[in-house]
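# Geometric and topological summary
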Amino acid sequence: MNVIAVNGSPRKGWNTHKMLQSALDGSTSQGAETKLIHLYDVNFKVCKSCLACKRIGAEHKCYVKDELTPILEELSNADALIFGSPIYFMELTGVMHAFLERFYFPYVTYNTNPKTFFERKLPIGFIYTMNITKE
């Protein structure tokens with residue numbers, strides 16, 4: 001089993017990173033191979049809605065070529081994914097949102113059948129963190 005975690009926090013070693021690492025440690029203890037990706041270390045562009053991923057004969061993958069390209073390929077071949085983001089201004093971080101658009105959009109269809117171009121079920125978990133007081 002291959003489990004990949006994606007950290008959408010700009011702060012390595014803080015809450016989101018620690019929780020993702022803990023989840024990966026649990027996966028490792030069960031025999032999984034794991035990897036942690038820090039999005040703030042990846043130089044990538046946002047989805048520009050070019051629709052190349054939707055054209056007839058397209059492979060349903062993002063056609064933008066940058067540092068995120070090989071990561072998207074890894075994620076599509078993983079057995080499970082864990083995404084993590086702190087909540088800033090009642091939302092995911094901007095980099096996590098931009099990443100999710102690039103990851104999900106190629107698989108989304110505008111048809112009712114099929115509803116997705118992704119060919120299998122992929123377990124995905126999401127860890128949200130907030131730096132608030134106990135009160």
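Use the structure listed above.
Structural notes, computed from the coordinates. (Residues numbered from 1 in each chain as written. Predicted model: local features only at pLDDT ≥ 70, side-chain atom pairs only at ≥ 80, totals over all residues. Heavy atoms only, no water.)

### Considering the side chain of Asp66
To keep it simple, the criterion reads: Numbering of helices and strands runs from the N terminus; a helix is a DSSP stretch of H or I covering at least four residues, while a strand is a stretch of E covering at least two. Any pair of N or O atoms that falls within 3.5 Å is considered a polar contact. Within protein, one atom must be able to donate a hydrogen and the other to accept it, and sequence-neighbouring residues count only if both atoms are side-chain atoms. Only heavy atoms matter for contacts: two residues are in contact if any of them lie within 4.5 Å across the pair.
Relative to the elements of secondary structure, Asp66 occurs in the loop between β2 (33-38) and α2 (69-77). Within the structure, the side chain of Asp66 is placed 3.0 Å from the backbone nitrogen of Leu68, a separation counted as a polar contact. If sequence neighbours within four positions are ignored, Asp66 has contacts with Asn43, Phe44, Lys45 and Arg102.

### Structural notes on empty space enclosed by the protein
Remark: the empty space left among the atoms is shown by a probe the size of a water molecule rolled over them. Operational definition: The rule is simple: put a 1 Å grid over the protein atoms alone, call a set of points where a 1.4 Å probe fits but cannot get out a cavity, call an open set with protein on both sides within 12 Å along at least five of seven lines a pocket, and count a residue as lining if it has an atom within 4 Å of a point. Grid points are joined across faces, edges and corners, and a volume is the space filled by probe spheres set on the points. When residue character is reported, Ala, Val, Leu, Ile, Met, Phe, Trp, Tyr, Cys and Pro are called nonpolar, Asp, Glu, Lys and Arg charged, and the others, Gly included, polar.
Summed over all chains, the structure comprises one cavity of 30 Å³ or more. Its boundaries defined by the atoms lining it, the largest cavity holds a volume of some 90 Å³. Considering the residues around the largest cavity, the lining is formed by 13 residues, among which Cys47, Cys50, Cys53, Cys62 and Phe105 are closest to the centre. The class makeup of the residues in the lining of the largest cavity is nine nonpolar, one polar and three charged.

### A few points about helix α3 (residues 94-104)
Threshold: Three labels apply to residues, based on accessible area from a 1.4 Å probe with only protein chains included: buried if under 20% of the type maximum, exposed if over 50%, partly exposed otherwise in between.
For α3, the full list of buried residues reads Val95, Met96, Ala98, Phe99, Leu100, Arg102 and Phe103. Tucked inside the fold, the buried residues of α3 contact β1 (2-7), α2, β3 (80-86) and β4 (124-129).

### A short note on the sheet that holds β3
Here is the rule we go by: Strand pairing is defined by DSSP finding a minimum of two bridges between the two strands. Here the axes come from fitting lines to C-alpha atoms, over the contacting stretch only for helices, and the angles between their N-to-C directions go from 0 to 180 degrees.
The strand order across the open sheet formed by four strands is β2-β1-β3-β4, and the pairing between neighbours is parallel. With partners counted over all chains shown, the strands left at the sheet margins are β2 and β4, one partner each. Looking at each pair of strands side by side, their axes are set apart by 15 degrees on average, direction ignored. As defined by bridge partners, β1 adjoins β3 across five bridges and the pair is classed as parallel. Looking across to β3, one finds that Val6 is bridged to Phe83. In the packing of helix α1 (residues 15-29) onto the sheet, the strands contacted are β1, β2, β3 and β4, and the crossing angle to β2 comes to about 165 degrees. Relative to the sheet, α3 contacts β1, β3 and β4, its axis offset from that of β3 by approximately 155 degrees.

### Let's talk about a nonpolar patch on the surface
Under the convention used in this document: Like charges are joined within 9 Å and nonpolar side chains (Val, Leu, Ile, Met, Phe, Trp, Tyr) within 5 Å, but only among residues with over 30% relative accessible area and no salt bridge; these make up the patches. In this description, accessible areas are obtained by the Shrake-Rupley approach with a 1.4 Å probe, and a residue is regarded as covered only by the protein chains that are shown. In what follows, salt bridge is the name for a side-chain nitrogen of Lys or Arg lying within 4 Å of a carboxyl oxygen of Asp or Glu.
Together, Tyr104, Val108 and Ile124 give the surface a local cluster of nonpolar side chains, amounting to about 230 Å² of exposed area. Looking at the element boundaries, Tyr104 is found in helix α3. Assessed through its relative accessible area of 37%, Tyr104 is described here as partly exposed.

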